[in-house]
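Breakdown of the fold
Take a look at the letters that make up each chain.
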Amino acid sequence: MKVLITGGAGFIGSHLCDFLIKKGNYVICMDNLITGKKDNIKHLLKNKHFKFIKHDVAEHIRLKEKVNYVLHFASPASPIDYLKYPIKTLKVGSLGTHNALGVAKKCKAKFLLASTSEVYGDPLVNPQPESYWGNVNCTGPRGVYDEAKRFAEAITLAYHRTHGINTKIVRIFNTYGPRMRKHDGRVIPAFIDQALNNKPITVYGDGLQTRSFCYVSDMINGIYKLMNSRFNDPVNIGNPNEMTVLELAKRIIKLTRSKSKVIYKPLPADDPKVRKPDIAKAKVELKWQPEINLQTGLTKTIGWFSD
Ligand code: NAD
Ligand code: UDP
């Protein structure tokens, strides 16, 4: 299969490039490197089953070859990134998704959208099933990401219904692992970097807000199963092991044997108070569930950050 991965030089996208090449596919990685790094794919640059194209997918995409699958992962994903690039985030989620769907339509290819648990906003239901419509502040600072992804889901299903494209939507919950940027602002790389350098661990708010963290290899397996399924409705992929941010800080301090102490900083606007995926659908429809526990995943990630 020939596959186009937008955002393929990012954290999840680069793992997907590796995985799909290993499965025998030809991968075209398209990325403008706004939050990704060429370093993430440098080991693939000489592979004859891999091609990198530097391009902003919010601009028209002109592909010379036909692809069988379009995986649309391009978008800033860390809160500090999308707060820094609010308009680019809105454009890649809207115009970028439209362009990526256009490629799928022209090539009669399948299409998978990387959506997010942020479509549920600050959820009033916990855990979140796919049937929950969400609680999003469309004019708040996080709205640029949440609404772009909600639009992206809407246009993806519109292309499915109108043009008969075989589309998939994965709602990705907090994912972590090697290749995250040390300073991308997301909680796991931030805490690991602080702990390894014996610096204060910056917990936002009272640290009692919850998240559920999925190791990247589990995420890639779930995405692959969804890619090959007959399913067109959105599917949650994530690890339902919910914990507070404060508990996470303590786990990371212990695992790194750090001298760091927790300090408290203001909670960012609209920071969700709870987040936990209901993965019943993925279990039944995809026969998928996460296998890597937090201890193992964090140990691998800490090892990578220490190198
Ligand atoms: P990332 O920032 O590492 O990767 C995103 C990639 O997209 C980067 O390489 C970036 O340069 C590229 N990109 C952004 N705008 C682009 C544009 N206009 N044109 C071309 N390339 C562009 O983030 P990630 O964590 O790997 O996230 C990948 C995808 O998964 C995103 O769509 C994100 O919304 C989604 N997601 C991730 C998580 C998570 O926990 N990591 C959670 C929910 C959803
Ligand atoms: N967080 C924190 N300290 C940090 C970075 C993040 O306490 O240095 C908190 C943040 O407020 C949120 C949670 O950790 O409640 C997860 O944040 P992240 O940016 O990783 O992703 P989110 O799930 O909010 O999209």
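To keep things clear, this report deals only with the structure shown in the data block. Predicted, not measured: the structure shown is a model, and the values here were computed from it.

A separate point is the side chain of R142. Mapped onto the elements, R142 comes out in the loop between β5 (110-116) and α4 (143-163). On the basis of relative accessible area, R142 is assigned to the buried category, the value being 8%. Reaching out from R142, the side chain makes a polar contact with the side chain of Y82 at a distance of 3.5 Å. Not counting residues up to four positions away in its chain, the partners in contact with R142 are P79, Y82, L83, E118, A269, D270, D271, P272 and R275.

So, about the site of ligand 1. Near ligand 1 you find 29 residues, and of these D31, T35, D56, Y145 and K149 are the closest. One nitrogen or oxygen atom from the side chain of T35 is found 2.6 Å from an oxygen atom belonging to ligand 1. In the environment of ligand 1, a nitrogen atom lies 2.8 Å from a nitrogen or oxygen atom belonging to the side chain of D56. The protein chains hide 96% of the 820 Å² of surface that ligand 1 would expose on its own. For the shell around ligand 1, the secondary-structure elements that each account for two or more residues are α1 (11-22), β5 and α4. Looking at the shell around ligand 1 element by element, the count peaks at three residues for β5. Classifying every residue of the shell around ligand 1 gives 14 nonpolar, eleven polar and four charged.

Close to ligand 2 lie 18 residues; T202, Y204, R211, D271 and R275 are nearest. Separating an oxygen atom of ligand 2 from a side-chain N or O atom of R211 is a distance of 2.7 Å. Between ligand 2 and D271 there is a distance of 2.6 Å, counted from an oxygen atom to a side-chain nitrogen or oxygen. Taking 520 Å² as the accessible area of ligand 2 by itself, protein coverage stands at 95%. Going through the elements one at a time, α5 (187-196) and β8 (201-204) are the ones with two or more residues in the shell around ligand 2. The class makeup of the residues in the shell around ligand 2 is eight nonpolar, four polar and six charged.

Turning next to the state of the cysteines. Inspection of the entire model under this criterion finds zero disulfides. Of all cysteine sulfurs, the one in C29 lies closest to C17, which takes part in no disulfide; the gap is 4.5 Å. The class of C29 is buried, set by a relative accessible area of 0%.

Moving on, we come to the side chain of D193. Counting through the fold element by element, D193 comes out in helix α5. With no salt bridge to any partner, buried D193 finds its closest opposite charge in K182, at an N-O distance of 4.4 Å. Among all residues touching D193, those that are not within four sequence positions of it are K182 and H183.

Cut-offs and rules
Residues numbered from 1 in each chain as written. Chains lettered and ligands numbered in written order. Predicted model: local features only at pLDDT ≥ 70, side-chain atom pairs only at ≥ 80, totals over all residues. Heavy atoms only, no water. Helix = DSSP H or I, 4+ residues; strand = E, 2+ residues; numbered from the N terminus. Buried < 20%, exposed > 50% of the residue type's maximum accessible area, 1.4 Å probe, protein only. Polar contact = N/O pair within 3.5 Å; in protein donor to acceptor, adjacent residues only side chain to side chain. Contact = heavy atoms within 4.5 Å. Near = heavy atom within 4 Å. Areas by Shrake-Rupley, 256 points an atom, 1.4 Å probe, with all protein chains shown as cover. Nonpolar A, V, L, I, M, F, W, Y, C, P; charged D, E, K, R; others polar. Disulfide = S-S within 2.5 Å. Lys, Arg positive; Asp, Glu negative; His and termini not counted. Salt bridge = Lys/Arg side-chain N within 4 Å of Asp/Glu carboxyl O.

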